[in-house]
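Survey of secondary and tertiary structure
Now for the letters of each chain:
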Amino acid sequence: MTMNDNYRHVNQEVKNMLLSWEKREPAFDGTIKEGFERRFTVLNERDFQKYVPDELKIEFMNTFNKVAEHIEKGRINDGKRPFNNYIVINLDETYIDEVVEIMKRNGHWG
């Protein structure tokens, strides 16, 4: 009886993809980012104001500001600007494929 040992012949790109699968972001399932690892956390300010109780907003903002201060100091120590600004685009926008193509052409996708 011969044992199937094809797993040894999987190329490195596939191995890396399979190994990184555990880091994938479940929120991306069913989208063009399925299987991707989350790199950014975005909080919709309107949702925050509408759905979060005032007491929790205060607690969150106190903690968030402390965390942001540590990140800003760390970035400065690394010779970077203290913070970045981003453009956020929902994956369900009708023009998302065009945006992805632009990002790919500029090496910012994947």
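1. Considering helix H3 (residues 54-77)
- If you check H3, its first and last C-alpha atoms are 34 Å apart, about what 24 residues at 1.5 Å a residue would give, namely 34 Å.
- Those residues of H3 that sit buried are Lys 57, Ala 68 and Arg 75.
- Looking at the buried residues of H3, the elements they touch are helix H2 (45-51).
- Following H3 by one or two positions, Gly 79 has its phi on the positive side, about 80°.

2. Things to note about a nonpolar patch on the surface
- Among the surface-exposed residues, Phe 40, Val 42, Tyr 86 and Val 88 lie close enough to one another that they form a single nonpolar patch of about 430 Å² accessible area.
- Position of Val 42 among the secondary structure elements: in the loop between helix H1 (12-20) and H2.

What counts, and where the lines are drawn
- Residues numbered from 1 in each chain as written.
- Predicted model: local features only at pLDDT ≥ 70, side-chain atom pairs only at ≥ 80, totals over all residues.
- Heavy atoms only, no water.
- Helix = DSSP H or I, 4+ residues; strand = E, 2+ residues; numbered from the N terminus.
- Expected span 1.5 Å × (residues − 1).
- Buried < 20%, exposed > 50% of the residue type's maximum accessible area, 1.4 Å probe, protein only.
- Contact = heavy atoms within 4.5 Å.
- Patch = residues over 30% accessible without salt bridge, like charges linked within 9 Å, V, L, I, M, F, W, Y side chains within 5 Å.
- Areas by Shrake-Rupley, 256 points an atom, 1.4 Å probe, with all protein chains shown as cover.
- Salt bridge = Lys/Arg side-chain N within 4 Å of Asp/Glu carboxyl O.

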